[in-house]
Amino acid sequence: MPSCDVLVIGVGGMGSATCFELARRGARVVGLEQFPLAHARGSSHGRTRIIRTAYYEHPDYVPLLRRAWERWYELEQLTGKHLLTECPCLSVGPEGGQVVAGVRAAARAHRLAVENLSAGDVARLFPFRFPDDFAGALEHAAGFLAVEECVRAHALAAVEHGADLRTEEVVRSWVATNDGVEVVTDRDTYHSAKLVVTAGAWATRLLAGLGVPLTVMRQVQTWFRTDPTLVRRDRFPIFLADVPGGPFYGLPALDADGVKIARHYGQPELPDPDGVDWTATAADFEPVDAFLRTYSTLPHWTPAHAAVCQYTLTPDRHFVIDTHPEFPQVAVACGFSGHGFKFATVVGEILADLALTGRTAHPIGMFRAGRFGSGDLPA
Ligand SMILES: Cc1cc2nc3c(=O)[nH]c(=O)nc-3n(C[C@H](O)[C@H](O)[C@H](O)COP(=O)(O)OP(=O)(O)OC[C@H]3O[C@@H](n4cnc5c(N)ncnc54)[C@H](O)[C@@H]3O)c2cc1C
């Protein structure tokens, strides 16, 4: 029976970072991944992920974001890969709405530089036209991550530090034992002193006993083309637009694929990833098309292509990062609710702390697994 110090289930966004952190601290690590590395059937694909700092979702994320930025730059140095591209982020919406008010609250709480804009300012600076009662918040401490490259970089760095990453091996089950855990896959049975579960949407099954009511939501990333000179990074920002039927987000065009734009949330919640339809249809372009026709001042947008992805949601849309309440030898991270990737570096650090020492100095109190009570699992 293969044995190790820490076994990591799921080598996606969070798992690859965790394998790296554990391996560089000298632990004997096995990472098990059901698909090839950086695949397109989980939550960490589609070329880009936005990273920001004045976090509208909650100001308490900001210290973790500061650390995450540092660690992305460090990963770039260690691997020699370009992973993070700085680019301003425009948040726009009703003055008192969740996005604009949230960005301003985080900026105030953590003394972050954010420019306050009127709807007129937004229209002057960028190719958008929003209602007069909208406001904007422009942040320069933002950018985007090359998502698949980040997963590969973490995995490569993990292997260089001695991690054993096994792909196309499906974990069927895990049980806690007197001296650790036993993990059964479609190929083998492993014994490990510690377990980290970073299984993305499949946490709905592998962590069914955790008492966290997770759901899965299909999301479609779409790319639209227009005059490429008008959507370059020097002219077109990352944006989050808090509009009816939204929010919508978008990024500048990196190449001939055009601008990536998508609606955040707005789809049915599913009990597990089996219900996700991985084929994009014409209907998936419609909400974004309507957004562009209503709010963009650029002409001739044409749909280019689409990639289906999935969110794993908690009821409050905040993460779960914790030690398993029943099994102290098991650390879990799930329910990243559609905004987790930017944190992967620091999540890897936290999970390595929890697996190796049972505690972390990072502020993760708001991510406790037990905050949902029990008996609340979806049918
Ligand atoms: C369309 C879209 C846009 C997003 N935009 C942003 C953004 O701009 N900024 C941002 O910060 N976040 C964003 N997110 C969210 C972010 O991408 C996710 O929070 C993050 O990727 C989740 O990482 P993860 O490691 O939990 O999941 P994954 O990367 O999916 O990793 C889980 C891994 O576990 C493996 N696994 C599961 N079960 C098993 C098993 N039984 N055996 C072996 N392996 C298993 C899976 O195959 C998978 O590789 C977006 C997500 C989507 C879908």
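Every value quoted in this text rests on a predicted model; they were computed, and no experiment measured them. (Residues numbered from 1 in each chain as written. Predicted model: local features only at pLDDT ≥ 70, side-chain atom pairs only at ≥ 80, totals over all residues.)

A few points about the overall build of the protein
We count it as follows: The helix count covers DSSP runs of H or I at least four residues long, the strand count covers runs of E at least two residues long, and both are numbered beginning at the N terminus. With the radius of gyration taken over C-alpha atoms, the globule rule is written as 2.2 Å times the number of residues to the power 0.38. Three exposure classes are used, all based on how many other C-beta atoms lie within 10 Å of a residue's own C-beta (placed from the backbone): buried at 20 or more, exposed at 12 or fewer, and partly exposed between those limits. Working definition of a contact: two residues with C-beta atoms, positioned from the backbone, lying within 7 Å.
Along the backbone of the protein there are 8 helices and 19 strands. For the protein, the C-alpha radius of gyration of 21 Å lies close to 21 Å, the compact-globule estimate for 379 residues. Dimensions along the principal axes, computed over C-alpha positions, put the protein at roughly 65 × 45 × 45 Å. For the protein, buried positions account for 49% of its 379 residues. When contacts within the protein are restricted to residue pairs at least 6 apart in sequence, those whose partners lie at least 24 apart make up 74%.

Some points on unusual backbone geometry
Cis geometry marks the peptide bond from Gly246 to Pro247; its omega dihedral reads 0°. One can find Pro247 in the loop between strand 14 (238–241) and strand 15 (248–251). Unusually for a residue other than glycine, Ala38 sits at a positive phi of about 55°. Following the sequence through the fold, Ala38 ends up in the loop between strand 2 (29–32) and strand 3 (48–51).

Concerning the nonpolar core
Short version of the rule: Nonpolar cores are identified as sets of buried Ala, Val, Leu, Ile, Met, Phe, Trp, Tyr and Cys residues joined via C-beta atoms within 7 Å. Domain start and end points were adopted from an automatic or database domain assignment.
Formed by 127 residues in total, the largest nonpolar core has its most connected members in Leu7, Ile9, Cys19, Val29, Val197, Val332 and Val347. In this structure, this core is formed jointly by two domains, domain 1 (3–46 + 148–211 + 318–372) and domain 2 (88–141 + 215–313), each of which donates at least three residues. In this structure Val29 touches Cys4, Asp5, Val6, Val8, Cys19, Leu22, Ala23, Ala158, Ala163 and Asp164, once residues within four positions along its chain are discounted.

What about the sheet that holds strand 5 (residues 89–94)?
Stated precisely, the cut-off is as follows: Think of it this way: DSSP has to see at least two bridges between two strands before they count as a pair. Helix axes use the C-alpha atoms of the stretch in contact, all axes being lines fitted to C-alpha atoms, and the angles between their N-to-C directions lie in the range 0 to 180 degrees.
Reading across the sheet, the 8 strands line up as 6-7-5-14-15-16-13-17 and stay open at both edges, with mixed pairing between neighbours. In this open sheet, the two edge strands, each paired with only one partner strand, are strand 6 (114–118) and strand 17 (302–313). The mean angle between the axes of side-by-side strands here comes to 20°, regardless of whether they run parallel or antiparallel. Here strand 14 runs beside strand 15; their pairing, made up of 3 bridges, is antiparallel. In the sheet register, Phe239 faces strand 15, and the bridge partner there is Gly250. Of the strands in this sheet, strand 5, strand 6, strand 7 (134–139) and strand 14 touch helix 3 (residues 98–110), which is tilted by about 125° from strand 5.

Things to note about the site of the ligand
Note the following rule: Being near a molecule or strand means, for a residue, that its backbone-placed C-beta atom lies within 6 Å of it. Amino acid classes used here: Ala, Val, Leu, Ile, Met, Phe, Trp, Tyr, Cys and Pro are nonpolar; Asp, Glu, Lys and Arg are charged; the rest, including Gly, are polar.
The local shell around the ligand holds 35 residues, among which Gly10, Gly12, Gly42, Gly200 and Gly340 are the closest. Elements supplying a minimum of two residues to the shell around the ligand: helix 1 (13–24), strand 3, strand 13 (215–225) and strand 17. Tallied by class, residues from the shell around the ligand come to 15 nonpolar, 17 polar and 3 charged. Both domains that meet at the shell around the ligand, namely domain 1 (3–46 + 148–211 + 318–372) and domain 2 (88–141 + 215–313), each give it at least three residues.

Some words on the domain arrangement of the protein
A common way to report how large an interface is uses the accessible area buried once the components associate. The domain boundaries assigned to the protein delineate domain 1 (3–46 + 148–211 + 318–372) and domain 2 (88–141 + 215–313). One C-alpha centre belongs to domain 1, the other to domain 2, and the line joining them spans 30 Å. Contacts between the two partners involve 15 residues from domain 1, matched on the other side by 13 residues from domain 2. If you tally residues by element for the side of domain 1 that touches domain 2, the top one is helix 6 (residues 203–206), at 3 residues. Across the side of domain 1 that touches domain 2, the residue classes tally to 6 nonpolar, 8 polar and 1 charged.

Structural notes on the pairing of strand 14
Residue alternation in strand 14 divides its side chains into two sets, Ile238 and Leu240 and Phe239 and Ala241, and both sets are buried. Relative to strand 14, strand 5 runs parallel, the two being bridged by 4 bridges. Paired with Leu90 across the strands is Phe239, a residue of strand 14. Connecting strand 14 to the next strand, strand 15, in antiparallel fashion are 6 residues, including Gly245 with a positive phi near 80°.

Looking at the sheet that holds strand 3
Whenever strands of a sheet pair, they do so through backbone hydrogen bonds, lying parallel or antiparallel. As summarised here, the arrangement of the 3 strands in space is 3-8-4, forming an open sheet in which the pairing is antiparallel. The sheet is open, and its two borders are formed by strand 3 and strand 4 (84–86), each paired with just one other strand. Within the sheet, the average angular offset between the axes of one strand and its neighbour, ignoring direction, is 25°. Helix 5 (residues 147–160) rests against strand 3 and strand 8 (143–146) of the sheet, and its axis sits at about 55° to strand 8.

Side note on the packing of helix 2 (residues 62–79) against helix 5
To be explicit about the condition: Roughly parallel refers to an angle under 35 degrees, roughly antiparallel to one over 145, roughly perpendicular to one between 65 and 115, and oblique to any angle outside these ranges. Crossings are sorted by hand: turned counterclockwise from the far helix by less than a right angle, the near helix makes the crossing left-handed, and turned clockwise it makes it right-handed.
Where helix 2 contacts helix 5, the axes come no closer than 10 Å and their chain directions differ by 60°. By the angle between their directions, the pair helix 2 and helix 5 is classed as oblique. Helix-helix and strand crossings are classified by hand; for helix 2 and helix 5 the assignment is left-handed. Note on element contacts: helix 5 touches helix 2 through Ala153, His154, Leu156 and Ala157, opposite Leu75, Leu78 and Thr79. Residue composition of the contact of helix 2 with helix 5, grouped by class: 5 nonpolar, 2 polar and no charged.

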